[in-house]
Amino acid sequence: ILSLFLFSSCSTLYKPNAVFSPLLKEKGEGIAGGVVGASGSGTYNFQSAYAVTNHLAFTAEGMIHSRNYSVNTIDVEKLRIYSGHLGAGYFTTMNEMKSAVFQVYGGLGSGYARDRIYSNSYSDPIAYSHYLNYFITPGVGYVHEKFELGFDVRLNYVHMYGLNATLADQFDWWNTEFNYYNNRSIDFMLVEPDLTIKFGGRRVKGLLDMGLIIPAVNSHEYLMVNGSPLL
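Bear in mind the structure is a predicted one, so any value in this text is a computation, not a measurement.

### With respect to the overall build of the protein chain
Secondary structure summary: the protein chain contains one helix and 11 strands in total. Listing each helix as α and each strand as β along the protein chain from the N terminus yields β-β-β-β-β-β-β-β-β-β-β-α. Considering only intrachain contacts with a sequence separation of at least 6, the fraction spanning at least 24 residues in the protein chain is 64%.

This is the structure:
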């Protein structure tokens, strides 16, 4: 399963992984696939789930985000983010045809981010941090053999720790006005409504995933690691 995952965001040290909507219906069902992020989410997302009973399932997810940005032929920014997530959830069908599904999944994840500029003209600025995130994702969906539609809202609490970075008000190669963060911790929570569309055959489907990232708690700290010149 490959998909185009659309969000609107700019990231330096944190990107959420793609919201996962398994839409399982009964014991023995499983799903595995990948999501290619366009913006907002990580570049490569790997997702899997398996129903161990008619109402209980386990999930495993991974994310790799990689970006190289060259300002000129000398200075190159390299951003790398890696994360993994484990979870479990409850699901149930809501009609006799088993086409309407209610689901709620929760779990935790761990990740590492590193952003560095390589330059021959000055000392290389670098930012890096570890993080833990805790999430719960309730949702509803419609399931058909060739088409599935899911709407989920993920509540995603993120604790970043060991944050080391230079924060400049307006970062340029020559800027000397900055604050340095040494081993700092920050916390924020995101609300992420998400629409998942699956289409294709009974065993293999394509996937289109669209959503929003809404900072709900400590939005200034989320923006610090997602939109500010943090290096």
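### Side note on the environment of Arg114
Tracing the backbone through its elements, the reader meets Arg114 in strand β6 (residues 100–118). Measuring from C-alpha to C-alpha, the distance between Arg114 and Ala127 comes to 5.8 Å, with 13 residues separating the pair along the chain. Discounting residues that sit within four places of it in the chain, Arg114 has contacts with Leu13, Lys78, Leu79, Arg80, Ile126, Ala127 and Tyr128.

### A short note on a nonpolar patch on the surface
Taken together, the side chains of Val36, Tyr44, Phe46, Ile64 and Tyr82 present a nonpolar region at the surface, about 460 Å² in accessible area. Residue placement: Val36 occurs in strand β2 (residues 30–39).

### Some details on unusual backbone geometry
Phi is mostly negative for residues that are not glycine, and the peptide bonds are mostly trans. A positive phi angle is found at Leu23, which is not glycine, with a value near 55°. The topology assignment puts Leu23 in the loop between β1 (3–6) and β2. With a relative accessible area of 4%, Leu23 lands in the buried category. At Asn218, a position not held by glycine, the phi torsion is positive, near 55°. For Asn218, the location among the structural elements is in the loop between β11 (214–217) and α1 (219–224).

### Topic: the side chain of Gln47
Relative to the helices and strands, Gln47 resides in strand β3 (residues 44–51). Under the relative-accessibility criterion, Gln47 is labelled buried at 9%. Within the local environment of Gln47, its side chain forms a polar contact with the backbone oxygen of Ala18, the two atoms lying 3.4 Å apart. Discounting residues that sit within four places of it in the chain, Gln47 has contacts with Ala18, Val19, Phe20, Ile31, Ala32, Gly33, Val35, Ala60 and Glu61.

How each quantity is defined
Residues numbered from 1 in each chain as written. Predicted model: local features only at pLDDT ≥ 70, side-chain atom pairs only at ≥ 80, totals over all residues. Heavy atoms only, no water. Helix = DSSP H or I, 4+ residues; strand = E, 2+ residues; numbered from the N terminus. Contact = heavy atoms within 4.5 Å. Patch = residues over 30% accessible without salt bridge, like charges linked within 9 Å, V, L, I, M, F, W, Y side chains within 5 Å. Areas by Shrake-Rupley, 256 points an atom, 1.4 Å probe, with all protein chains shown as cover. Salt bridge = Lys/Arg side-chain N within 4 Å of Asp/Glu carboxyl O. Buried < 20%, exposed > 50% of the residue type's maximum accessible area, 1.4 Å probe, protein only. Polar contact = N/O pair within 3.5 Å; in protein donor to acceptor, adjacent residues only side chain to side chain.

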